Amino acid sequence: MKKVYWVIVMVISLTISSCSSEQSLQQYFIASAENPNFMSFDLPSSLLNLEKAELSEAQKKAATSLKKLNILAFQKKDNNTADYEVQKAAIKTILKSSDFSELMKMNTSFGKATIQLKGDDDTIDEIVIYGDNDEKGLILVRVLGDDMNPASFVQLIQAMEKSDFNGKGLEQLGNLIKG
């Protein structure tokens, strides 16, 4: 009887461990925070000073749905080109999973960028902004909140434009983007 029990436990353990071999975006953020090539920031929504801005009701509702921003930035240098390529490929693989749907692609003066959504048509679990530039590096931003929806995303951007957030404390990130 004990042998049957241990065989069942082993089969269940192997099944559970093999089910999720893909790395999630959250796991990637945690693992990358240890990489010295990355700068990592977690910003609470209160840092954006949205409560002090003059917002419409729709913008206030969108602002209250925002919890925090997770930011990862990789500054490319001559000595970390191989790691940059590995990290870029890893991020693109995660974002191509069925968990995310692409909302928009952009070509900017800083490089290529995409905005991805995780969730369904009515409720967004997270918004992911990813951009890379083969000369400067890459940036990955997770926007996390409660009861976010696609229509309120535009309202949230407008609310952030009205806030008096001056980027204090993010000088390193600004330097990465400038080059």
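Residues numbered from 1 in each chain as written. Predicted model: local features only at pLDDT ≥ 70, side-chain atom pairs only at ≥ 80, totals over all residues. Heavy atoms only, no water.

A word on the overall build of the protein. Tallying secondary structure elements over the protein gives 6 helices and 6 strands in all. Taken from N to C terminus, the helices and strands of the protein fall in the order α-α-β-α-β-α-β-β-β-β-α-α. Per-residue burial over the protein gives 39% buried out of 179 residues. Of the contacts formed within the protein by residues at least 6 apart in sequence, a portion of 64% connects residues at least 24 apart. Surface exposure of the protein reaches about 11,500 Å², of which carbon and sulfur atoms provide 55%. (Helix = DSSP H or I, 4+ residues; strand = E, 2+ residues; numbered from the N terminus. Buried < 20%, exposed > 50% of the residue type's maximum accessible area, 1.4 Å probe, protein only. Contact = heavy atoms within 4.5 Å. Areas by Shrake-Rupley, 256 points an atom, 1.4 Å probe, with all protein chains shown as cover.)

With that settled, consider the side chain of Glu126. Topologically, Glu126 is positioned in strand β5 (residues 124–133). Within polar-contact distance, the side chain of Glu126 engages the side chain of Arg142 at 2.9 Å. If we skip the residues at most four places from it in the chain, Glu126 touches Leu25, Phe100, Gln116, Leu117, Lys118, Arg142, Val143, Leu144 and Met148. (Polar contact = N/O pair within 3.5 Å; in protein donor to acceptor, adjacent residues only side chain to side chain.)

A few words now on the pattern of salt bridges. Under the criterion given, the structure shown has 3 salt bridges. Residues Lys92 and Asp132 are paired through a salt bridge, measuring 3.8 Å at the closest nitrogen-oxygen approach. One end of the pair, Lys92, is in helix α4 (residues 81–95); the other, Asp132, is in strand β5, and 40 residues separate them in sequence. Residue Lys92 is classed as partly exposed on the basis of its relative accessible area of 36%. (Salt bridge = Lys/Arg side-chain N within 4 Å of Asp/Glu carboxyl O.)

The quantities given are spatial measurements derived from coordinates; they are silent on function.
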